[in-house]
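Chain and residue survey
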Amino acid sequence: MKSVYRFSYGNVFNFILNQIITISYHFIVLLLLAVPVLSLYGEIEYKFRNNHFLMKIITIFMFILLFLYLIYLIVILFLPKKAIIDGHFIRIRRYFLNFSYLIRGFNDEIFIKDIIECKKYEGKRYFLDRTGPYAIFFFNWDSLVEIKTNNDKTYLIPLKNSDDFIDKVNKMISR
């Protein structure tokens, strides 16, 4: 049985801040990718400047890639951030690549057998320091769930119905 828990932002202002950060991060990635792509385009244009047909194909291809990335940016804003308990895994859908935790990737997947502890977060509540293992940047502190695994990873996830989530995960751990 699959259970879905949406992220808890606390208020509209936090939600908007998270969306702005997501757009900004992805825009920076776009700019970082644009520099080598444009330099490669310049090299190709220099070598094949007499072949207009090939240059049109390459230009169309570059614009298609840019257009697809912009569609991706729009879609990613409207995908709901959530945690899914699915059999033997907890899948955390952030749809975001946090530069502080690049190794973790775009989303998280936690094997239930690896979980040591799942509880409400009881640590410090930082106002500006958002470099921790948070699933999102601005959220409702009262609904923050802390998951610790046996490979020394900590996941901090703000969830609606966090008490229900914690109970369900703790039941699965104790089996």
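An account of the accompanying structure is given in this report. (Residues numbered from 1 in each chain as written. Predicted model: local features only at pLDDT ≥ 70, side-chain atom pairs only at ≥ 80, totals over all residues. Heavy atoms only, no water.)

**What about the sheet that holds strand E7 (residues 154–158)?**
A sheet is described by the order of its strands in space; here 3 strands give the open sequence E5-E6-E7, paired in antiparallel fashion. For this open sheet the edge positions go to strand E5 (115–120) and E7, each flanked by a neighbour on one side alone. Strand-to-strand twist across the sheet, computed as the mean angle between neighbouring axes with direction ignored, equals 15°. As paired strands, strand E6 (residues 144–149) and E7 are joined by 5 bridges and run antiparallel to one another. Bridge pairing in E7 places Glu146 opposite Leu156. Where helix H3 (residues 162–174) meets the sheet, it contacts E5 and E6, and its direction lies at approximately 160° from that of E5. (Pairing = 2+ DSSP bridges. Helix = DSSP H or I, 4+ residues; strand = E, 2+ residues; numbered from the N terminus. Axes fitted to C-alpha atoms, helices over the stretch in contact; angles between N-to-C directions. Contact = heavy atoms within 4.5 Å.)

**Topic: the pairing of strand E2 (residues 82–86)**
Relative to E2, strand E1 (residues 2–6) runs antiparallel, the two sharing 5 bridges. When the sheet's bridge partners are listed, Tyr5 is paired in E2 with Ala83. Two elements, E2 and strand E3 (residues 89–93), share 5 bridges in a ladder whose sense is antiparallel. What sits directly across from Ile85, in E3, is Ile90. Counted between consecutive antiparallel strands, the loop separating E2 from E3 contains 2 residues, among which Gly87 sits at a positive phi close to 65°.

**Describing the sheet that holds strand E4 (residues 108–111)**
If you trace the 4 strands from one edge of the open sheet to the other, you get E1-E2-E3-E4, paired in antiparallel fashion. The open sheet is flanked by E1 and E4, the only strands paired with a single partner. Neighbouring strand axes in the sheet, compared pairwise and without regard to direction, differ in orientation by 15° on average.

Nothing here speaks to function; it is geometry throughout.
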